[in-house]
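Below, each chain spelled out in residue letters.
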Amino acid sequence: MTERLQIKTDLLKQLEEKGMKHQHYISLVDDYLKLWDVKNLLFADIKKRGVSVPYDHGGGQSGAKKNDSVAEVNKVSASMLKILNELGLRGANIKAVEPDAEM
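What counts, and where the lines are drawn
Residues numbered from 1 in each chain as written. Predicted model: local features only at pLDDT ≥ 70, side-chain atom pairs only at ≥ 80, totals over all residues. Heavy atoms only, no water. Helix = DSSP H or I, 4+ residues; strand = E, 2+ residues; numbered from the N terminus. Buried < 20%, exposed > 50% of the residue type's maximum accessible area, 1.4 Å probe, protein only. Contact = heavy atoms within 4.5 Å. Areas by Shrake-Rupley, 256 points an atom, 1.4 Å probe, with all protein chains shown as cover. Salt bridge = Lys/Arg side-chain N within 4 Å of Asp/Glu carboxyl O. Axes fitted to C-alpha atoms, helices over the stretch in contact; angles between N-to-C directions. Parallel < 35°, antiparallel > 145°, perpendicular 65-115°, else oblique. Left-handed = near helix turned anticlockwise from the far one by under 90°. Nonpolar A, V, L, I, M, F, W, Y, C, P; charged D, E, K, R; others polar.

Looking now at the overall build of the chain. In terms of regular secondary structure, the chain is built from 3 helices and 2 strands. Its helices and strands taken in sequence order, the chain reads α-α-β-β-α from the N to the C terminus. By the burial criterion, 23% of the 103 residues in the chain qualify as buried. Taking all contacts inside the chain whose residues are at least 6 apart in sequence as the whole, residues at least 24 apart take part in 59%. Split by element, the accessible area of the chain, about 7700 Å² in all, is 53% carbon and sulfur.

Shown next as structure tokens:
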């Protein structure tokens, strides 16, 4: 089972346990998962390009500016938390994968 599917399954199970089976609530879980996808893309961008990105000021001048993905990931995460809060749900019960100690 993919991580995304595991999260969806867990959140839908929590809704069912609360008796919240209406389509409106299920749609909010889908919105949460779309934001989860966006959050992962933002983190991938930060990992690839870093927190600062090259910037061409024009006229041969260049420098660095902050990666907009850093601010956006905070906004997306806040929106995700609002959805969970509105539904009265917890985050999915997924165990974090610990990196190898030898790395």
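This paragraph deals with the pattern of salt bridges. Applying the stated criterion to the full structure yields 5 salt bridges. Ionic pairing is found between D68 and K65, a salt bridge with its closest N-O pair at 3.9 Å. For D68, a relative accessible area of 48% puts it in the partly exposed group. Classification of K65 by relative accessible area gives partly exposed; the value is 36%.

Here the focus is the environment of P54. Assignment of secondary structure puts P54 in strand 1 (residues 52-58). The exposed category is assigned to P54, whose relative accessible area is 75%. Along the chain, P54 and A64 lie 10 residues apart, while their C-alpha atoms are 4.4 Å from each other. Residue contacts for P54: discarding those within four places in its chain leaves G63 and A64.

Between helix 2 (residues 23-49) and helix 3 (residues 68-87), the shortest axis-to-axis distance is 9 Å and the interhelical angle comes to 160°. Considering the angle they form, helix 2 stands roughly antiparallel to helix 3. Every pair of crossing elements has a handedness; the one defined by helix 2 and helix 3 is left-handed. Considering only residue class, the contact of helix 2 with helix 3 consists of 17 nonpolar, 3 polar and 4 charged.

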